[in-house]
Each structure stands twice: as C-alpha cells, then as structure tokens.
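Chains, contacts and geometry: an overview
Here are the chains, one letter per residue:
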Amino acid sequence: MTASESEADMKPDLIAARKLFSVALSQLGREELEPVAEALGIDPRDFANVTKLAKAVFDAVRETGVDDESDNTILSQPVEPDEQDLVTAETYATKWLDIVKENTIDDATAKWVVAETTRNFADHFNAGWLEYRKSVTQGGDYACTEWRGSGSEFEDVLGRKFIDCLGGFGMFNLGWCHPEVVAAVQAQLQKSAQCSQELLDPLRGVLCRLLAMTLPGKIQYAFLVNSGAEAVEGALKLAKVFTGRTGFITSTRAFHGKSMGALSVSGKAVFRDPVGTLYGGPVYHVPYGDAASVDRTLESCEIAGIGIAAVIMEPIQGEAGAIVPPDDFWPRIRASTLRHNVLLIADEVQTGLGRTGKLWGVDHWGIEPDIICLGKALGGGVMPISAFCSTKEIWQRMMYPNPFLHTTTTGGNPLACAAAIAAIRVTVRDKVWETAAEKGEYLLVRLRRLAEEYSDIIHEVTGRGLLLALHFHDTVTGYLVASGMFKRGIIISGTLNSAQAVRIEPPFVISEKQMDEVIVKLEQSLIETRGELRALRERQAHKPALATGAKATPHHPATAPIPINMAMNTTTLSGSPTSLAHLVAPTNTTIPTNAMLIPDPAIPIPSASMLLPEHLATNTMMIPEQHMSSTGALLPDPTTGTIPHEHLF
C-alpha cells in the first residue's frame, strides 16, 4: 500500500474526535478553559457546563485553523450535533434540580434561568410562543419567567410580582398552591405517587363517589384522565358506544380541546383548518345560543337517516369570550335531545366547580346532562386531573362485556386524586361559587362602567361569576390593553394573535383591594391604548393620499386581508358573514360600484371612520369624495352605517 493510498483510507471521525477532545479539555476545569474560550470569541456564560464549553472550543479551534492557502478538506468537514449527549444531559438536569431545591436564588442565577428558558422554548418546545407572549414582548431585557405563586398572586424568577386575573384559564379557582390541596398531595406522596395498574387504588374510588355526590342529576360513574381534551374524547366515545350512532352537533366558536376528536367538535377555523380532515363521522356546527338551530338540525338528520349520538355544548363559552347563552337555550336543547333520543354532553371543563357563580355551569338553568366533562379546577390548581361522568344506564357499555374498553396509565393517579379530593372538600365546605358570584358582580359593574367611558376601545363586557371577558373592536387594540395591564403587574389573557376577546377569570381568593387595583390599572391601560391608537392614526394620516382611479404597482401578496385595527368608534351591525376583517380579494379585482361591506354580527366594524392600511395606499382604489375625509379615512354611509368600497384592489 502506498503512502497516498494509506492516507486516503484514513477518514477522520470528527464526531468521535470532538467527543474525545472535549472530554480531555474538560479535565482542565472551567477556570482554565474559560480564558481559552474568551480568546476565541466565545462567551463562557452561554454554556451550562464545561463539556459543552469544551466542544465549543473544539469547533472554534477547527474554524480558526483553516488556512485559505492550504488543503482544508478535513477542517472544512461539518460536525453534526451529537445525537446523544448523556453526560451533559445528566449534568444539565442536576444543575436545574439544584436550583429547584433552593428557596431563593441570586440575581445572576435568576437571569441565567430566564436566558435558558427562552433558549429552550425556542430550540426545543415552540419558538412561536416567544413571538406572541406578553411575558416575552413586555418583559424588558429579561422575559418574565414564572417561578412561584400563592393565593391570587405570583412572581417571576426575578421577583417581579403580578396579580393573576387569568387563573390558568380556570385552573386556579382556589388560588395558587392552596395549602390544603398541597398538604394532601404531599401526604400521599409519602406513600405512593402512581398505582400498580393491578390492585385497587382507594383514592380513585373515593373521588368518583364524591363526583357522584356533587354532580347534577343521576350522574353516578366517572372515568379519570389527565386533561380536558381527554375528557371530551372519552365523552364522545361513550356517546357513540351507547347510542351506536356517529354524528355530533356542536356550536360555532366552541372550544373543546385540540386532540382530534375534541378538535372535531370545536368551532374555530384557526385551530381546525391546518389539520385538514378530522373525525370521520358527521359533525354539524350551529350558532351558539340558537336552540332553534339545534332542533332543526336534529330534525333534518332524523329525516335524512343520519344518526346523531349527542349534542355537546359549553354551559358558557369560555375560549370564545365568556359568552352567556339566552336563558331558554339550555332548557330548549335539553327538551330537543330528549325528544329525538339524543344524548346531551355538557363540557364543564372551564365552567365547573364554581367558576360561573354556581357549582356547575348548568345549574344556572337546572339542567341534568347525560354526560359531563370536568377538568382544570378539579385538581385544585396543584395536579392535572379531568374526568368524564355519566349515568348508570349509559355507563353499562363501559363495564360490559369489556370493562377495559377505555383505560389510561396515569389518569386518576393517587397524587391527582388526593388533590381533587381536597379541592372538592374546600369547594363544597366554603361554598366558593357564592364567592365567585359576589366578586364577579363587583368586577362586572366596574368593567361595564369603563366600557361605557371607553366605548372607542371596548365593545362590550360579557360573562357570569368570575368568568368574564372584555371584547375589543379588534385584536390589535385588545393586545395593547392586555400588554398595558401586563406592564402594570396584572396578568389577563390575550396574545398577539388572539386578543379581540380577553378573559378575566381570577382565582376566587382575589381580594377587594386587588380587584380595585385591577380596575385602576385597566383604566390606565385604556388611556394609554387610546393614545397609542391616536398616534397610529396620525401616522396613517400622513401616508400618501389615495388617487381617485389611479393605478399603481401592488406591494402586497396576490391576496391580502384588510385589518380593522384603526377603529375609532364601533357598532355591531347585522348582515352577511363577510366582514371587513376577513375580506380577501385578488389584486386588481373590481367590486361593483354599489358594493357594500356588510360585517359579521360577531365581528365589530368601525362605524365612525377607519384609516386605510398602508399596503392599500399604492393599490387601485376609487372612492367618492363623500366617503373620504381630508386625511384619507373611509367614512360610512350616513343612512346605512356601512362603509362603501368601490373598485377595491
């Protein structure tokens, strides 16, 4: 073998070399290695442990060693990241566990926690979350990273404190770390955290019996799971098995979870469309609160021979913005389902255990559903646990001939059951739903007063108990208000892509003093938002004027939506379901001169003026003078209240 042949056969194993080199370097210790890293332009603080730092040094040395005048075949070969790095994983886990054990941490460690959390979300969980969360966009140099909570307050790792008016979307009914619930979990943890899957675990039976005691009607059996979506999945399966039918009726804007079955009966396109085909059986969506539509759909399906297993509804819609149905809605759909021999499923995942001012949401109307889904607050804000529950008659198919028709490994584990048992005891002992009703009314009166004063920002206030919502004229306005509250130490819902309806659902233990502080800071945020919107309108007013009949090269995609984030005064109008917020038209499409934009009843449209978005300023637009202000704002037709658009795009 020649020397050249021998060299050709010696292919470098750079991954192995990198591992060996980093192990050797790491033996030097961090103190000796850090100066080398800094000399190579590496910030040692970016690396949690010495092994990672050593690998970075290795990579930097290889890059530094490249000489443009020489053959750099070996040096230029990329080294793929290690598929496994078990030593580093152990070290990294140990560092975090040491931090978790500490009651307090120093400022440097806290800032490291923030940096690591942000990096981990971006690289290993969901980078999109970082772009939309107030905790990141309003967190300043260090994103707000939650660390501890008690009662109705929590603080981030840097010690910044917040009043919680989000309540984990209904999870913290009893507050953060309720001492009785925590104590129950700690006591059970000393015995067993999970169950054998073979022997009988007593707390599972205890919890199911407590649910039978507290749920409305003839509910007797329960199956315990981990999340609300799982509870809905189980309820749908139970309805199908019992009835032998496959169809469901649900509502528009409903939210029942994001797993496949639960998503199928949800009513929001933003979650459904990206997935494509969902549940294979027929699912019909009717307007929420429209009992006549439910009845007509049941009649139509019966005539057509389409078997409907169940109607599933939220007692009060949560995700849609605390939407309270007409008082006759639940009694009428209960009567319709009984008449057509169809089951009625109440999704109480968010409304249950006192959130709306009654123990259960359906208690407002005295309704007894056939199946109930529970979750969120069931674990007392300490452990995740949910359930779907039903009557003895319906549950027969869950028991015979196959009692293992539906199973779970971790659902209803001893720790979760201990938390739920304690949560139920506190709930019924203290009658917390009465507290929710009283405090909800206190907030509702003050929120509606602000809505009247700031009607240019707030469209309406909805809800019942401590499940309330502010409805803004558009998403941008809602996000500005939510962000303003966040900067002032109040957390409410609303992200950059979902803030037109912002929920306010604090823990029931929120004090009157804290509620007053929330109202004061909300008004401050409204004043600030009004100023920001005014400045935004002024900037828009200085854009180039629209030329009547002029054409220019488009500077936007072939289709583009028209946002409504410049609303000044808003009135909800009725009409067809084509709203200004959803209008999408191809470039240079001509709309008849008599065309009017008729808004969706549920989506407010500006009734006083709306400034044109920037991307429309260079596109074809022909607008009669009577419909354009001196600043280029669109003005509504004085007789119809609608905004005429002619030759749009």
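Anyway, here's the lowdown on the structure attached to this text.

Calculation notes
- Residues numbered from 1 in each chain as written.
- Predicted model: local features only at pLDDT ≥ 70, side-chain atom pairs only at ≥ 80, totals over all residues.
- Heavy atoms only, no water.
- Helix = DSSP H or I, 4+ residues; strand = E, 2+ residues; numbered from the N terminus.
- Buried < 20%, exposed > 50% of the residue type's maximum accessible area, 1.4 Å probe, protein only.
- Contact = heavy atoms within 4.5 Å.
- Core = buried A, V, L, I, M, F, W, Y, C linked by side-chain atoms within 4.5 Å.
- Expected span 1.5 Å × (residues − 1).
- Polar contact = N/O pair within 3.5 Å; in protein donor to acceptor, adjacent residues only side chain to side chain.
- Axes fitted to C-alpha atoms, helices over the stretch in contact; angles between N-to-C directions.
- Parallel < 35°, antiparallel > 145°, perpendicular 65-115°, else oblique.
- Nonpolar A, V, L, I, M, F, W, Y, C, P; charged D, E, K, R; others polar.
- Pairing = 2+ DSSP bridges.
- Salt bridge = Lys/Arg side-chain N within 4 Å of Asp/Glu carboxyl O.

**A word on the overall build of the protein**
A tally of regular secondary structure across the protein gives 21 helices and 20 strands. In the protein, which comprises 649 residues, the proportion classed as buried is 47%. At a minimum sequence separation of 6, the contacts of the protein that also span at least 24 residues come to 72%.

**Looking at the nonpolar core**
Counting 46 residues, the largest nonpolar core has Leu 207, Leu 211, Met 313, Trp 330 and Leu 378 as the members making the most contacts within it. With five residues, the top contributor of residues to this core is helix H18 (residues 414-430). For Leu 211, the contacting residues outside a window of four places in its chain are Ala 222, Leu 224, Leu 374, Leu 378, Ala 387, Cys 389 and Ile 424. Val 181, Leu 470, Ile 490 and Val 502 belong to the second-largest nonpolar core, a separate cluster that totals 42 residues.

**Concerning H18**
Its 17 residues place the ends of H18 24 Å apart at the C-alpha level, agreeing with the 24 Å of an ideal helix rising 1.5 Å per residue. Of all 17 residues in H18, 13 are buried; the element is thus mostly enclosed. Of the residues flanking the start of H18, the one acting as N-cap is Asn 413, its side-chain oxygen 3.1 Å from the backbone nitrogen of Leu 415. Of the residues flanking the end of H18, it is Lys 431, one or two places downstream, whose phi is positive at about 45°.

**Things to note about the packing of helix H12 (residues 228-243) against helix H17 (residues 392-399)**
Packing of H12 against H17 leaves a shortest axis separation of 9 Å and a crossing angle of 95°. Relative to H17, H12 is oriented roughly perpendicular. Contacts between H12 and H17 involve Leu 238, Val 241 and Phe 242 on the former and, on the latter, Glu 393, Ile 394, Trp 395, Arg 397 and Met 398. Taken together, the residues that form the contact of H12 with H17 break down as six nonpolar, no polar and two charged.

**Examining the pairing of strand S4 (residues 219-225)**
Working note: regular strand, side chains alternate between the two faces of the sheet. Within S4, five of the seven residues are buried, leaving the element largely enclosed by the surrounding structure. The pairing of S4 with strand S10 (residues 386-391) spans six bridges and is classified as antiparallel. Paired with Tyr 221 across the two strands is Ser 390, which belongs to S10.

**So, the side chain of Glu 505**
Within the secondary structure, Glu 505 is located in the loop between strand S14 (501-504) and helix H21 (512-541). Residue Glu 505 is classed as buried on the basis of its relative accessible area of 0%. A polar contact is formed between the side chain of Glu 505 and the backbone nitrogen of Gly 170, at a distance of 3.3 Å. Discounting chain neighbours no more than four positions away, the residues touching Glu 505 are Cys 165, Leu 166, Gly 167, Phe 169, Gly 170, Gln 350, Arg 355, Leu 466 and Leu 467.

**A closer look at the environment of Phe 472**
Position of Phe 472 among the secondary structure elements: in strand S12 (residues 467-472). Between the C-alpha atom of Phe 472 and that of Val 502, which follows or precedes it by 30 residues, the distance is 8.0 Å.

**Quick look at H12**
When the terminal C-alpha atoms of H12 are compared, their 23 Å separation across 16 residues agrees well with the 22 Å that a helix rising 1.5 Å per residue should span. Listing the buried residues of H12 in full gives Gly 228, Ala 229, Ala 231, Val 232, Gly 234, Ala 235, Leu 236, Leu 238, Ala 239 and Thr 243. Looking one or two places after H12, you find Gly 244, whose phi comes out positive at around 75°.

**Details of the sheet that holds S14**
Read across the open sheet, the three strands follow the order S11-S12-S14; overall the sheet is antiparallel. A single partner strand is all that each edge strand has here, and the edge strands are strand S11 (458-464) and S14. Averaged over all pairs of adjacent strands, the angle between strand axes in this sheet comes to 20°, irrespective of strand direction. Packing against the sheet, helix H19 (residues 432-453) makes contact with S11, S12 and S14, and its axis sits at approximately 170° to S11.

**Some words on the pairing of strand S3 (residues 161-164)**
In terms of strand pairing, strand S2 (residues 153-156) meets S3 through three bridges, oriented antiparallel. Within S3, the position partnered with Phe 154 by the bridge is Phe 162. Between S2 and S3, which pair antiparallel one after the other, the connecting turn spans four residues, and Gly 159 there sits at a positive phi close to 90°. As judged from the two bridges shared by S3 and strand S13 (residues 490-491), these two strands associate in the parallel manner. Counterpart to Asp 164 in the pairing with S13 is Ile 491.

**Some points on the environment of Asp 164**
Mapped onto the elements, Asp 164 comes out in strand S3. On a C-alpha basis, the gap between Asp 164 and Ile 510 in space is 8.4 Å, while along the polypeptide they are 346 residues apart. Polar contacts involving the side chain of Asp 164 include one to the main-chain amide nitrogen of Gly 167, which spans 2.8 Å.

**A look at the pattern of salt bridges**
What the rule picks out here adds up to 18 salt bridges. Close ionic contact of Arg 429 with Glu 180 constitutes a salt bridge, the shortest N to O distance being 2.8 Å. Of this pair, Arg 429 sits in helix H18 while Glu 180 sits in helix H10 (residues 179-189), and the two are 249 residues apart along the sequence. When its relative accessible area of 25% is taken as the criterion, Glu 180 is described as partly exposed. Put simply, Glu 505 and Arg 503 hold a salt bridge, and the shortest N to O gap is 3.7 Å. In this structure, Glu 505 and Arg 503 share a single accessibility class: buried.

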